[in-house]
Amino acid sequence: MEWKMPEIAVGSYRSYNRKQERLSIVKHYERMRELGCFTLRDVADMVEDRSAVAYLVNDYQRKGYIDRIHRNLYTVMDAETGEPVLNRYQIGSRLFPDAYVAMGSAFEVCGYATRRGNEVFVATGTRFTDFRYNGVFYRRVHAKAGASTEWVAGTRVTSLEQTVVDSLHSFEGEAGLEDVVECIMRLPRLDADKLLECLERYGNGYLYQKCGYVLEQLQEYVELPEAFYRECRAHCASTVRYMIKGAEGLVYHREWRVYGPCLRWV
């Protein structure tokens, strides 16, 4: 259950005002900086006085020490730049305890995207409405049970293999596929076994088709063993699929039983 800020009467504010000298602003601010993002419950643990939480949070916001990101989540502001001390991806991975940055945003974190968008994809089991903070849209995507994640530059993010599989599962249209391909072409060597583990977690025959087809087209860059493609073929769906519905110029690839675009940007 979400921790709510208590209602405090005017008299209580005056009472807390008299106690404020005993509360070290520096101490609390430094603790907040250590956390980067924090909740009202975190503040209550710092001051050890539930009645002081509302005053402290409102006072710090007014002075520009902290800023509210979304609902019960706050971030510390840098005194010199006036910007959050955490970047957009670090914030995204701290929205909820189980949150991590995924898909195109994960490529961005690791430095393999050709450009940076104005949104961050956050995978979490917690429902939330997409929202904007500091010019960035935070968009929820479904978390995959058992997804492979790691910490990169202070951000919990999907592994490269997980990011490739997730992105090929969820891209939209030819432009979306092009973005994924451009990122894959910039990646270091992928681990074939880890790719297969990610595919197995999905258990989706069509995803085996898509991944096998696209990665084989990019073999010059990914250099995956033939055993990887054999395993993908063994799990392919028996039906013929269209990778991009409504697109023109799709070519049938018999080996993968898919109508796919010619990857002309390769």
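This text follows the structure it describes.
The structure reproduced in this document is the subject of the present report. What you are looking at is a predicted structure, and each value in this text was computed from that prediction instead of being measured. (Residues numbered from 1 in each chain as written. Predicted model: local features only at pLDDT ≥ 70, side-chain atom pairs only at ≥ 80, totals over all residues. Heavy atoms only, no water.)

Observations concerning the overall build of the protein chain
Heads up, the condition is: Each helix is a run of H or I in the DSSP string that is no shorter than four residues. Each strand is a run of E no shorter than two, and both are numbered from the N terminus. Partly exposed describes any residue whose relative accessible area lies between the buried limit of under 20% and the exposed limit of over 50%, with all areas from a 1.4 Å probe on protein chains only and scaled to the type maximum. By the convention used here, residues are in contact when the closest approach between their heavy atoms is within 4.5 Å. For accessible areas, the Shrake-Rupley method is used with a probe of radius 1.4 Å. Any residue's cover is judged against the shown protein chains and nothing else.
Counting secondary structure elements, the protein chain contains twelve helices and twelve strands. Here the protein chain, with 266 residues, has 46% of them falling under the buried criterion. Look at the contacts in the protein chain between residues 6 or more apart in sequence, and 61% of them connect residues 24 or more apart. Just so you have it, the protein chain exposes about 14,000 Å², and 45% of that area is on carbon and sulfur atoms.

A look at the environment of Ala113
Mapped onto the elements, Ala113 comes out in the loop between helix H6 (103-110) and strand E5 (119-124). The exposure class assigned to Ala113 is buried, which follows from its relative accessible area of 19%. Linking Ala113 and Leu187, residues 74 residues apart in sequence, is a C-alpha distance of 9.5 Å.

A short note on helix H9 (residues 192-202)
Here is the rule: Read the arc as the range of directions from the helix axis to the C-beta atoms. N or O atoms within 3.5 Å of each other form a polar contact, as long as, within protein, one can give a hydrogen and the other can take it, and as long as residues adjacent in sequence are counted only when both atoms are side-chain atoms.
Those residues of H9 that fall on the buried side of the exposure criterion are Ala192, Leu195, Leu196, Cys198, Leu199 and Tyr202. The arc that holds the buried residues of H9, viewed along the axis, is 160°, so those residues lie on one side. Of the exposed residues in H9, those oriented more than 90 degrees away from the buried face are Asp193 and Glu200. Of the surrounding secondary structure, the elements contacted by the buried residues of H9 are helix H7 (160-170), helix H10 (205-217) and helix H12 (226-234). The backbone nitrogen of Asp193 has a side-chain oxygen 2.9 Å away, supplied by the residue at the start of H9, namely Asp191.

As for the packing of aromatic side chains
Formally: Stacked, tilted and edge-to-face are the three classes applied to pairs of Phe, Tyr and Trp rings, where Trp contributes its six-membered ring and a pair requires centres within 6.5 Å; stacked means planes under 30 degrees apart, edge-to-face means over 60, and tilted covers the rest. Think of it as a cone above the ring: NZ of Lys or CZ of Arg counts as a charge over the ring if it is within 6 Å of the ring centre and within 35 degrees of the ring normal.
Evaluated as defined, the whole model comprises nine aromatic pairs. Residues Phe131 and Tyr138 carry aromatic rings whose centres are separated by 5.2 Å and whose planes lie at 20° to one another, so their mutual orientation is stacked. An identical accessibility class is assigned to Phe131 and Tyr138; each is buried. One aromatic cluster is present, formed by Phe96, Phe128, Phe131 and Tyr138 through successive ring pairs. Against the face of Phe137 rests Arg139, its NZ or CZ located 4.9 Å from the ring centre. In this structure, Arg241 is placed above the aromatic ring of Tyr206, and the distance from its NZ or CZ to the ring centre is 4.1 Å.

Looking at the packing of H6 against H7
Definition in use: For every element, the axis is a line fit to its C-alpha atoms; helices are fit only across the contacting stretch, and the angle between N-to-C directions ranges from 0 to 180 degrees. A crossing counts as left-handed when the near helix is turned anticlockwise from the far one by less than a right angle, and as right-handed when that turn is clockwise. Note on residue categories: nonpolar means Ala, Val, Leu, Ile, Met, Phe, Trp, Tyr, Cys or Pro, charged means Asp, Glu, Lys or Arg, and polar means any other residue, Gly included.
Two numbers describe how H6 lies on H7: the axes approach to 8 Å, and their chain directions differ by 145°. Once H6 is placed against H7, the crossing between them reads as left-handed. Of H7, the residues touching H6 (which contributes Met103, Gly104, Ala106, Phe107 and Cys110) are Leu160, Thr163, Val164, Asp166, Ser167 and Ser170. In the contact of H6 with H7, the residues fall into six nonpolar, four polar and one charged.

Looking at the side chain of Ser159
On the secondary structure map, Ser159 appears in the loop between strand E9 (155-158) and H7. For Ser159, a relative accessible area of 4% translates into the label buried. With near-sequence residues (within four places) excluded, Ser159 lies in contact with Ser148, Thr149 and Glu150.

Quick word on the sheet that holds strand E1 (residues 37-38)
Either a parallel or an antiparallel arrangement is found when strands of a sheet pair, and the pairing is made through backbone hydrogen bonds. Just so we agree on the cut-off: At least two DSSP bridges between two strands are needed for those strands to be called paired.
Here three strands make up an open sheet; going across it, the order is E1-E3-E2 and the pairing antiparallel. In this open sheet, the two edge strands, each paired with only one partner strand, are E1 and strand E2 (66-70). Relative to E2, helix H4 (residues 53-63) is tilted by about 105°, and along the sheet it contacts E2 and strand E3 (73-76).

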